[in-house]
Amino acid sequence: MPSKTQIEVSKAAGQAAIEAIIARRQKVGDADADHLLHDDPVEDPLPVIKHLLQQRQQRRHLITDEDVIDALWALGYIRSQNIPHVPAVIDRLEHELLELGRALKIPLIRLAEPLGLRSAQAVDHRILRTRAALQDLPRNERIERAHRLAAIPSKSAASREARWYDRNAIKLYDAAGKLIQLRRDHDELIDDDLAEQIIDLARAHREMVWPLTPDSFPTLRWMAQTMASIVEDLEKEYEDFRVQAGNLIPEMAQLVRGQYTARFGS
């Protein structure tokens with residue numbers, strides 16, 4: 001198993017991330033935010049990160065994507081600036097932040113940079129390895145998947161579909177997110193019919209719940225079916241929109257074909 005990737009985070013960058021979290025806590029009326037400032041958070045950012053994670057139960061709706069990302073930068077600052085810490089504690093906090101990021105439906109690719117990673121899949125692997133370790137399994141994403149999939153009924157079609165989602169759910173989710181953003185940026189290039197389909201896709205995208213379980217499959221099926229209809233229309237019309245989409249349309253087409261085959265057979 002390769003060692004965990006880490007990056008150097010300067011004191012200035014770490015300080016900016018910590019101060020941004022506290023400023024957001026103050027903005028939402030967090031009564032403890034001023035107290036965090038008095039504890040010299042630049043010298044010891046751990047109370048800020050722990051406080052943010054404590055909010056995930058009753059006040060999760062007040063935690064933003066930027067809070068989670070900044071907290072990951074703050075952990076990188078702790079590691080790279082030799083601030084006294086227990087590595088196992090930092091690793092646990094990192095995992096809790098990544099799981100919180102998934103619960104908030106932050107695209108995994110946005111969580112990659114503060115971890116020194118390059119892809120959503122690499123972030124997913126880090127999450128799965130830690131989950132495996134927490135279950136006293138070898139720290140390996142394949143073993144974690146096998147353990148999780150073993151709980152799924154062994155009917156061949158269900159197992160085949162489950163295996164496909166395990167490998168491709170993030171790709172499907174991220175491709176949908178890219179198309180939704182593309183529609184926001186270039187709404188003038190499509191008509192109301194296509195816009196309505198993408199709004200339906202965005203509805204499924206919002207309803208997706210992580211971590212991946214069999215309960216997620218209906219939402220993923222809805223997402224794939226909606227995406228299949230969108231791809232069919234895009235391949236016939238909307239040339240200017242296709243130009244803006246670039247390789248996204250072929251990527252989506254491949255994903256919906258794969259999902260269909262996994263669900264119904266070739």
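Below or above, wherever it landed, is the structure these notes cover.

Conventions and cut-offs
Residues numbered from 1 in each chain as written. Predicted model: local features only at pLDDT ≥ 70, side-chain atom pairs only at ≥ 80, totals over all residues. Heavy atoms only, no water. Helix = DSSP H or I, 4+ residues; strand = E, 2+ residues; numbered from the N terminus. Buried < 20%, exposed > 50% of the residue type's maximum accessible area, 1.4 Å probe, protein only. Axes fitted to C-alpha atoms, helices over the stretch in contact; angles between N-to-C directions. Parallel < 35°, antiparallel > 145°, perpendicular 65-115°, else oblique. Left-handed = near helix turned anticlockwise from the far one by under 90°. Contact = heavy atoms within 4.5 Å. Core = buried A, V, L, I, M, F, W, Y, C linked by side-chain atoms within 4.5 Å. Polar contact = N/O pair within 3.5 Å; in protein donor to acceptor, adjacent residues only side chain to side chain.

### Quick word on unusual backbone geometry
And step 1. One non-glycine residue with positive phi stands out, namely K105, at about 65°.
And step 2. Tracing the sequence through the fold places K105 in the loop between α5 (87–103) and α6 (108–112).
And step 3. By relative accessible area, K105 is classed as partly exposed at 22%.
And step 4. Despite not being glycine, Y238 has its phi angle at roughly 60°, a positive value.
And step 5. With respect to the helices and strands, Y238 occurs in the loop between α11 (217–236) and α12 (239–245).

### Points about the packing of helix α10 (residues 192–207) against α11
And step 1. For the pair α10 and α11, interaxial distance at closest approach is 9 Å and the crossing angle is 160°. The angle between the axes of α10 and α11 places the two elements in the roughly antiparallel class. Our pair here, α10 against α11, has a crossing hand that is left-handed. Of α11, the residues touching α10 (which contributes L194, Q197, I198, D200, L201, R203, A204, H205 and E207) are T219, W222, M223, T226, M227, S229, I230, D233 and L234.

### Thoughts on the nonpolar core
And step 1. I49, L97, L111, V123 and M252 are the most contacted members of the largest nonpolar core, which totals 75 residues.
And step 2. Per element, the largest residue contribution to this core is 12 residues, and it comes from helix α9 (residues 156–185).
And step 3. When sequence neighbours within four positions are dropped, the list of residues in contact with V123 reads L98, L108, L111, A112, L115 and L117.

### Quick look at the side chain of R25
And step 1. One can find R25 in helix α1 (residues 11–27).
And step 2. In this structure R25 comes out as buried when scored by relative accessible area, which is 1%.
And step 3. At 3.0 Å, the side chain of R25 forms a polar contact with the side chain of D67.
And step 4. Excluding anything up to four places from it in sequence, R25 contacts D30, A33, H51, L52, Q55, L62, I63 and D67.

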